[in-house]
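Architecture and fold: a report
Each chain, written out:
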Amino acid sequence: MEFYRAHILICAGAGCISSNCLSVKSELEKQLKDQGLDKEIMVVKTGCIGTCDIGPVMIVYPEGVFYCNVQPEDVKEIVEEHILKGRPVKRLMYTVPTTKKVVEKVDEIDFLKGQTRIALRNCGVINPDRIEEYIARNGYAALGKVLTQMKPKEVIEEIKKSGLRGRGGGGFPTGLKWEFAAKSQSPQKYVVCNADEGDPGAFMDRSILEGDPHSIIEAMAIAGYAIGASQGYVYVRAEYPLAVERLGNAIEKAREFGFLGKNIFGSGFDFDLEIRVGAGAFVCGEETALMHSIEGRRGEPRPRPPFPAQKGLWGKPTLLNNVETYANIPPIILNGADWFTQYGTENSKGTKVFAVAGDINNTGLVEVPMGTTLREIIYDICGGIPEGKKFKAAQTGGPSGGCIPEEHLDIPIDYDSLKEIGSMMGSGGLIVMNEDNCMVDVARFFLEFTVDESCGKCTPCRVGTRRMLEILERITKGEGKEGDIELLERLAKNIKATALCGLGQTAPNPVLSTLRFFRDEYEAHIKDKICPAGICKNLLKFKINAEKCKGCGICAKICPVNAISKGEDGKYIIDNEKCIACGACAKKCPFDAIGKGA
Amino acid sequence: MKSLNELNELKKKAQEYMNLREGKEIARVTVAMGTCGIAAGAREVLTAVMDEIKKRNLQQITVTQTSCPGRCSEEPIVIVEMDGQKVMYGKMDAEKARKMVVQHLVNKTICSEWVI
């Protein structure tokens, strides 16, 4: 094996690739060659490190120096100064947004330091295309242990004891699910991985598949052994081409090394995997629709029971788990259930990965023990809200979840406490919103998504969600009527009770939860015809602050509809009847005297 | 994959170079690569150190570089940290560097004649 004195890790998750990390990598390889360093420095392409908004990122070992926002033109300096002369380049290091402090080492960054990484243990550390690096970090040791030392029953017992619950959103106890599938009698069973991650804002499943594909292969083989299945399918959405490619490579490698195929570890156990690429319908993340799609049929849900564990793919018992759930399996087997249960709360064990996005300083992937508060995630790990704005709400669970207002920032996040306040864990999307967001508009956005994605099979979802959307659109346009809120609530209740699958049953959640915590905003839209956050264009009213106005008249000149005139006191005023809320005057006012508002 | 032993063998081999990323090291060799060091031939020293480590298949040794430690007349300078001890060698060249690797890193005796 070659001896390298330094490893340069470049994040090649989809986030960094879209910010051009591949040309940084090729420039780096060129510069190293030019300097004659290509034999002593290794360049490693890794999966997502998690700091997606400051990509392309680079880590130089053995020092562990972390560079962010690296552009191809910066590479020469890194090679000449750092790699050749040992002087790390300060200007490319991470700066803490709040304190402006420069952080040199990767393990000193709050965003990464504050995390506990189990599911993401290898993401950003190994090269996903090299099975050796996965093996070096205990890869396939859990599969080896299971096949050579454990009975299927013992595997299931261990998973049950660990308290692991489904990370796809439902939170069903994983061990129980495995037990049901194991107990179903059939010569043919299947193991399926649900990688049809569709929640807007959630991308942890993609990152795990891109950054650590072997962990999913290993976990699925373990599941196959536990329930008695020899065939598995990974259902990935077509929008994740890189995940499909890396998983495909990994499956090939695993076959080559004999972790898939016949007689694995000489135990007589056979298992193989295939990828099925979904065509990108949100509803295909629902398990029965997903199975229909794998079978080559239209992706529509069917009523349960029978549950997949009894009658799943092609009518055979099928075990379905989400990507992140599988990623937890090998460490649980290796370290034991007791190790796993030290993390988390009483009824939610382990960690959860959140995809943090929205009005927040550090967006990206965050893995924390269950029971961590929202405040810790938002302020301690992710660096708070930019520009000194105020926190308004966080949306968890995507279009099936709800929002959490400021008063609940300190509740420990787990499956049950989120449900209690009308939200849900969901797959772990966490969208942070500041004071500039209109909650009626947010609800409208999510409902628009579910209306688009409703498969149309059952009436409550197909028609009901559309009716709700129409009402919301009316409200945001300023045409809300007395009684609209009650009508929304009644519709929501009926849809929840009668829709066929999870998509419809949870579709009204964003509306219900914004109604619960921000009812006054709905009322302001309907009764006073104003949008307190100043987002809904039809309700926008611009106003000139008389104290700040110096009477220069620039606003009146710029107004395209002549809605601004000089008042008796020499100050200008806006005629809201004529105003079209284009905002041109507010942009031009030299004294910042014009603002939108109630 | 036939057995756990086979996997463990593979793992041991693969871990050899992952140690660098996980901060596992028994010894650290730092070559001073400031302008003065480079001018005095630090590059050849570094290459020789690496080559010798590779040839002898030594494990968990970090080779890194630093800028000028301030004793330019003694360049090229190599600093070896092992067992909590920090030793600075001066006026090194490729040949001395190779000998140092054998004596210091393998036999664990300090090459006192070159210490500054």
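Small disclaimer: the values here were computed from a predicted structure and weren't measured.

**Quick word on the sheet that holds strand 16 (residues 429–434) of chain A**
Residue and element names in this part refer to chain A.
- Here five strands make up an open sheet; going across it, the order is 13-12-16-14-15 and the pairing mixed. Each edge of the open sheet carries a strand with a single partner, namely strand 13 (364–369) and strand 15 (402–405). Ignoring strand direction, the axes of neighbouring strands in this sheet form an average angle of 30°.
- In the sheet, strand 14 (residues 391–396) pairs with strand 16 via five bridges, with the strands oriented antiparallel.

**Some points on the packing of helix 3 (residues 42–55) of chain B against helix 4 (residues 94–106) of chain B**
Residue and element names in this part refer to chain B.
- Their axes nearest at 8 Å, the elements helix 3 and helix 4 cross at an angle of 40°. The orientation of helix 3 with respect to helix 4, classified from their angle, is oblique. Helix-helix and strand crossings are classified by hand; for helix 3 and helix 4 the assignment is right-handed. Contacts between helix 3 and helix 4 involve Glu44, Val45, Ala48, Val49, Asp51, Glu52, Ile53 and Lys55 from the first element and Ala94, Ala97, Arg98, Met100, Val101, Val102 and Leu105 from the second.
- Across the contact of helix 3 with helix 4, the residue classes tally to ten nonpolar, no polar and five charged.

**Quick word on the interface of chain B and chain A**
- Across the contact, 30 residues belong to chain B and 46 residues belong to chain A.
- Each partner contributes to the roughly 3300 Å² buried at the junction of chain B and chain A, and carbon and sulfur atoms together form 61% of this total.
- For chain B, the biggest contributors to the area lost against chain A are Met1, Tyr17 and Arg21 of chain B; these three give 23% of the whole.
- Inspection of the region where chain B meets chain A yields three salt bridges.
- Across the pair glutamate 22 of chain B and arginine 137 of chain A runs a salt bridge, and its minimum N-O distance is 2.8 Å.
- One can count twelve residue pairs in polar contact (both at pLDDT 80 or more) joining chain B with chain A.
- Among the elements of the structure, helix 1 (4–22), helix 3 and strand 2 (61–66) of chain B are those that each provide at least two residues to the side of chain B that touches chain A.
- Residue composition of the side of chain B that touches chain A, by class: 15 nonpolar, seven polar and eight charged.

Reading guide: rules and limits
- Residues numbered from 1 in each chain as written.
- Chains lettered and ligands numbered in written order.
- Predicted model: local features only at pLDDT ≥ 70, side-chain atom pairs only at ≥ 80, totals over all residues.
- Heavy atoms only, no water.
- Pairing = 2+ DSSP bridges.
- Helix = DSSP H or I, 4+ residues; strand = E, 2+ residues; numbered from the N terminus.
- Axes fitted to C-alpha atoms, helices over the stretch in contact; angles between N-to-C directions.
- Parallel < 35°, antiparallel > 145°, perpendicular 65-115°, else oblique.
- Left-handed = near helix turned anticlockwise from the far one by under 90°.
- Contact = heavy atoms within 4.5 Å.
- Nonpolar A, V, L, I, M, F, W, Y, C, P; charged D, E, K, R; others polar.
- Buried area = accessible area lost by both parts, 1.4 Å probe.
- Salt bridge = Lys/Arg side-chain N within 4 Å of Asp/Glu carboxyl O.
- Polar contact = N/O pair within 3.5 Å; in protein donor to acceptor, adjacent residues only side chain to side chain.

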